[in-house]
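Listed below are the residues making up each chain.
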Amino acid sequence: MTDALHDLHQLRPHADLSAVAALLPAGHLVKPDDNDPDSAPVLWMSDGPAPLGLWEKLHREHPDSGLWPLLLAPLSTADADFRPWGTGELQPRSAGEPDLYDPAALLRTGWEYSTTLYGDPDSADEIDPEDSAELAESIAPFTDGWPGTAPAAEQPGDPDRAARALARELLASNAQLRIGLVPAATGAEALTACGWTGPVNHEDDIAKVSAVLLDWERRYGTRLVQVGFADLELSVGAPPEGDDLALRIAAEHLAFCPDNIFQGAGTIADYAPGLVNAEQWSFWWD
């Protein structure tokens with residue numbers, strides 16, 4: 001038994017993983033750095049950069065292997081420790097279960113939290129009018145409150161084609177990316193399975209993030225392709241084709257990852273046009 005096959009059997013003990021093991025470069029299992037000697041490994045990671053084309057091959061094997069491939073990025077290009085993956089900064093035990101959460105309710109809560117102004121309770125002027133006006137401009141045309149989740153795409157698109165195309169593009173533009181394999185049914189669930197903590201300053205239960213991603217998988221054919229220290233890259237099989245749907249999805253993006261708008265485009269109105277026919281969604285948390 002090769003080292004790779006031995007490692008993969010620790011992730012999925014009863015599966016036939018010989019086809020996957022034959023594809024892999026040198027690599028190793030990653031355990032959470034939680035000071036528990038009995039912690040089980042949560043993913044396999046290549047020791048060096050991912051070869052071009054490997055993500056697509058592993059993605060094709062996923063229905064049989066049950067191992068979801070991820071392109072893994074470090075905190076920075078100068079990060080010799082390849083955080084968080086090389087250092088095991090992962091917390092699978094702190095996560096809930098994605099199926100326990102209603103994604104529509106999560107997005108509503110995220111919107112309300114991100115678009116509420118809190119004044120000083122000891123001050124007579126609780127809210128600065130300039131802050132209120134700035135917020136209204138940022139979230140227009142939804143100044144009356146959460147607009148609700150956007151309708152699903154009318155056409156399903158081709159999620160697998162979009163995912164493989166994005167993987168090729170990401171690898172071609174960043175030779176530092178490594179390959180990871182996580183035992184999970186989908187990329188959305190892979191985040192919870194490995195205990196990724198990227199959005200911890202915004203949301204400390206990664207299962208809630210997975211629940212929203214699962215909903216986007218169903219509605220827009222998204223697939224998780226790349227994960228960094230606090231950022232995600234998703235392919236989109238059925239992106240919005242019109243401005244109205246893009247605006248509604250932009251509101252969801254703000255609810256999910258407010259930094260995309262508040263530290264990026266600045267307003268939903270400026271952010272939304274970039275979603276029209278876009279086959280890639282990017283998220284980053286401060």
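The model shown is predicted, which means the values in this text are computed figures rather than measured ones.

Visitor: Just checking my understanding: could you explain the sheet that holds strand E7 (residues 280-284) for this structure?
Guide: By definition, the strands of a sheet pair up through backbone hydrogen bonds, in either a parallel or an antiparallel sense. Pairing within the open sheet is mixed, and its seven strands lie in the order E1-E2-E4-E3-E5-E6-E7. Each edge of the open sheet is held by one strand with a lone partner, namely strand E1 (27-30) and E7. Pairs of neighbouring strands in the sheet enclose a mean axial angle of 30 degrees, with direction left out of account. For strand E6 (residues 231-236) and E7, the ladder comprises five bridges, and the chain directions are antiparallel.

Visitor: Mind showing me how you'd approach the packing of aromatic side chains here?
Guide: One pair of aromatic rings is described through two measures. These are the centre distance and the angle between the planes. Under the definition given, this model contains 11 aromatic pairs. Seen from their ring centres, Trp 55 and Trp 68 are 6.4 Å apart, and the 85 degrees between their planes marks the pair as edge-to-face. Placement of Trp 55 in helix H3 (residues 54-65) and of Trp 68 in strand E3 (residues 67-72) is noted, with a sequence separation of 13 residues between them. Exposure class is identical for Trp 55 and Trp 68. Each is buried. Taking 6.3 Å as the distance between ring centres and 80 degrees as the angle between the ring planes, the aromatic pair formed by Trp 111 and Phe 142 counts as edge-to-face. One end of the pair, Trp 111, is in helix H4 (residues 103-114); the other, Phe 142, is in the loop between helix H5 (129-139) and helix H6 (159-173), with 31 residues separating them in the sequence. Residue classification places Trp 111 among the buried residues on the basis of a relative accessible area of 2%. Aromatic rings pair up to connect Trp 196, Trp 216, Tyr 220, Phe 256, Trp 281, Phe 283 and Trp 285 into one cluster. Seen from the ring of Phe 82, Arg 178 lies directly overhead, with NZ or CZ sitting 4.1 Å from the centre.

Cut-offs used in this document
- Residues numbered from 1 in each chain as written.
- Predicted model: local features only at pLDDT ≥ 70, side-chain atom pairs only at ≥ 80, totals over all residues.
- Heavy atoms only, no water.
- Pairing = 2+ DSSP bridges.
- Helix = DSSP H or I, 4+ residues; strand = E, 2+ residues; numbered from the N terminus.
- Axes fitted to C-alpha atoms, helices over the stretch in contact; angles between N-to-C directions.
- Phe/Tyr/Trp six-rings, centres within 6.5 Å; stacked < 30°, edge-to-face > 60°.
- Buried < 20%, exposed > 50% of the residue type's maximum accessible area, 1.4 Å probe, protein only.
- Lys NZ or Arg CZ within 6 Å of the ring centre and 35° of its normal.

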